[in-house]
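Structure at a glance
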Amino acid sequence: MDWFKRKKSTIKPVEKKDVPDGLWLKCEGCGEIIYKKELEKKLYVCTNCNTHFRIGSDIYIEILFDGKTFKQFNENIKSTDPLKFTDVKSYKDKYEATVKKTGLSDAVITGTAKIDQHDVVAAIMDFRFMGGSMGSVVGEKISRAIDMAYKKGWPLIILSASGGARMHEGVLSLMQLAKTSSKLARLSSKKIPFISILTNPTTGGTTASYAMLGDVNIAEPGALIGFAGPRVIKQTIGQDLPEGFQRSEFVKDHGFLDAIIHRHELKQRVAGIIGYFKHNNPTKKA
Ligand SMILES: [Zn+2]
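Now for a description of the structure that goes with this document. Computed from a prediction, not measured in an experiment: that's the story for all the values here. Per chain, residue numbering runs from 1 following the sequence as it is written. Local features in this predicted model are restricted to residues of pLDDT 70 or higher, and side-chain atom pairs are both shown and tallied only at a pLDDT of 80 or more, whereas totals for entire chains, interfaces and linings draw on every residue. Processing note: side-chain calculations cover all non-hydrogen atoms of the structure and skip hydrogens and water entirely.

Here, any two strands with at least 2 DSSP bridges between them count as paired. Comment: elements are numbered from the N terminus, with helices defined as DSSP H or I runs of at least four residues and strands as E runs of at least two. Taken in spatial order, the seven strands of this open sheet run E3-E4-E5-E6-E7-E8-E9, and their pairing is mixed. Because the sheet does not close on itself, it has two edges, and the strands there are strand E3 (71-73) and strand E9 (259-260). As defined by bridge partners, strand E8 (residues 216-219) adjoins E9 across two bridges and the pair is classed as parallel. Residue pairing in the sheet places alanine 219 in a bridge with isoleucine 260 of E9.

Below is the structure:
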């Protein structure tokens, strides 16, 4: 007799869309039905309640950088599935299907760009690619972007949108925390500014490494920012969580963020911060 027998799961994974197709969208914040073209003009921010819709790396690149100045590098690094991991389906199949569906090679795009004419190195994460999970490719691409910033002496911008480390790559994903953090320490030793932008959501290993290591850490309004998610914390401590727990405004009030910046002002404010560092660099000779 089997005392313990695992039933085969009947739960099917739900496909989630960030900005669904169709002409009209319903705002998750206020329930208002918004014409998609109108939302696009407002950079995917609800004019009624200020909810910042989740957007892909391609739109962030358009919002943040001058004209067509973004030049991607290391675009062809792909995961080798070192653990031969399988859950509902094999990691390899899932990975390939995601590449096909999103047109992305992994959950981060790295490149050089100009922001209000300042040269920068940028890494823009994309939640559409397996929940923006950080595996060895994300870690490697971010490390190389940090190296590029170090070499060129240009400020670094990392925009995070991530559910955390990619469990399909186990400990190799966790190693990316140490790798990226040590590279950032090296960048810091050369006094090159790093601006971290946290968008909805930035959680798990991403928060526990580069996302919180910026010289300036900024977030979009209402973004979920934390290590473990609210449900896990609630179950662990057996208490209700305060209102707005782990949202940008709460995180800022508790000292983990320097500023919350509306998407409409993001480019201008980030460029302003870089300009400030340029003109107030303590290492620069007068
Ligand atoms: Zn709304």
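This part is about unusual backbone geometry. Trans peptide bonds make up the majority, and among non-glycine residues the majority have a negative phi. In this structure, the amide linkage connecting asparagine 200 to the following residue, proline 201, adopts the cis form with an omega of -10°. Of note, proline 201 is situated in strand E7 (residues 194-202). A positive phi is found at leucine 43, a non-glycine position, where the angle reads about 55°. Looking at the element boundaries, leucine 43 is found in the loop between helix H1 (36-41) and helix H2 (57-64). Only protein chains enter the accessibility calculation, which uses a 1.4 Å probe; a residue is then buried when its area is under 20% of its type maximum, exposed when over 50%, and partly exposed in between. Given a relative accessible area of 26%, leucine 43 falls into the partly exposed group. The backbone of tyrosine 44 sits at a positive phi, close to 60°, despite the residue not being glycine.

It is worth spelling out the nonpolar core at this point. A general tendency of soluble globular proteins is for nonpolar side chains to be buried together. The biggest cluster of nonpolar side chains holds 61 residues, and the ones touching the most others in it are Phe65, Ile115, Leu156, Ile157, Ile197, Ile218 and Val270. Working rule for contacts: check all heavy atoms of both residues, and any pair within 4.5 Å makes them a contact. Non-local contacts of phenylalanine 65, meaning those with residues more than four positions away in its chain, are made with Phe70, Ala113, Lys114, Ile115, Val120, Ala122, Ile124, Ile157 and Lys267. Ala211, Ala223, Ile225 and Leu257 belong to the second largest nonpolar core, which has seven residues in total. The nonpolar core is taken to be a set of buried Ala, Val, Leu, Ile, Met, Phe, Trp, Tyr and Cys residues, with the residues joined through side-chain atoms within 4.5 Å.

So, about H2. For H2, the complete set of buried residues consists of Ser57, Tyr60, Ile61, Ile63 and Leu64. Mapping the buried residues of H2 onto a view down its axis gives an arc of 165°, with all of them on the same face. On the buried face of H2, the contacting elements are strand E4 (108-115), strand E5 (118-125), strand E6 (156-162), E7 and helix H9 (266-279). Comment: arc refers to directions from the helix axis out to C-beta atoms.

Let's shift gears to the side chain of threonine 203. Within the secondary structure, threonine 203 is located in the loop between E7 and helix H6 (204-207). What makes threonine 203 buried here is its relative accessible area of 11%. If sequence neighbours within four positions are ignored, threonine 203 has contacts with Ser162, Gly163, Gly164, Leu224, Gly226 and Phe227.

Our next topic: the packing of helix H4 (residues 136-152) against helix H5 (residues 170-189). Axes here refer to lines fitted to C-alpha atoms; in helices the fit is confined to the stretch in contact. Angles between the N-to-C directions go from 0 to 180 degrees. Contact geometry of H4 with H5 gives a least axis separation of 9 Å together with a crossing angle of 5°. It follows from the interaxial angle that H4 and H5 lie roughly parallel. Side by side, H4 and H5 meet where Ser136, Gly139, Glu140, Ile142, Ser143, Ile146, Asp147, Ala149 and Tyr150 of the first sit next to Gln176, Lys179, Thr180, Lys183, Leu184, Arg186 and Leu187 of the second. When residues are grouped by polarity, Ala, Val, Leu, Ile, Met, Phe, Trp, Tyr, Cys and Pro land in nonpolar, Asp, Glu, Lys and Arg in charged, and all others, Gly among them, in polar. Looking at the contact of H4 with H5, its residues break down into six nonpolar, five polar and five charged. An angle counts as roughly parallel when it lies under 35 degrees, as roughly antiparallel when it exceeds 145, as roughly perpendicular when it falls between 65 and 115, and as oblique in every other case.

To continue, consider the coordination of the zinc ion. For Na, K and Ca the donor cut-off is 3.2 Å, and for all other metals it is 2.8 Å, counting N, O and S atoms only; because water is absent from this set, sites may look incomplete. All of the protein donors around the zinc ion are Cys27 (SG), Cys30 (SG), Cys46 (SG) and Cys49 (SG); their distances to the metal are 2.3 to 2.4 Å. Every angle between 85 and 135 degrees makes a four-donor site tetrahedral, while opposite donors more than 155 degrees apart, with all other angles between 65 and 115, make a four-donor site square planar and a six-donor site octahedral; other sites are irregular. Classification of the site at the zinc ion as tetrahedral follows from its four donor atoms and the range of 103 to 112° in their angles at the metal. Since its relative accessible area comes to 33%, cysteine 30 is described here as partly exposed.

Once that is clear, we can look at the pairing of E7. Most of E7 is tucked away, with eight of its nine residues classed as buried. Relative to E7, E6 runs parallel, the two being bridged by six bridges. In the sheet register, isoleucine 157 faces E7, and the bridge partner there is isoleucine 195. Orient the strands so they point away from the viewer; a crossover is then right-handed if the path from the first strand over the helix to the second runs clockwise. Between the parallel pair E6 and E7, the chain is carried across by H5, and the sense of this crossover is right-handed. One ladder, built from four bridges, connects E7 with E8; its direction is parallel. Bridge pairing in E8 links isoleucine 195 to valine 216.

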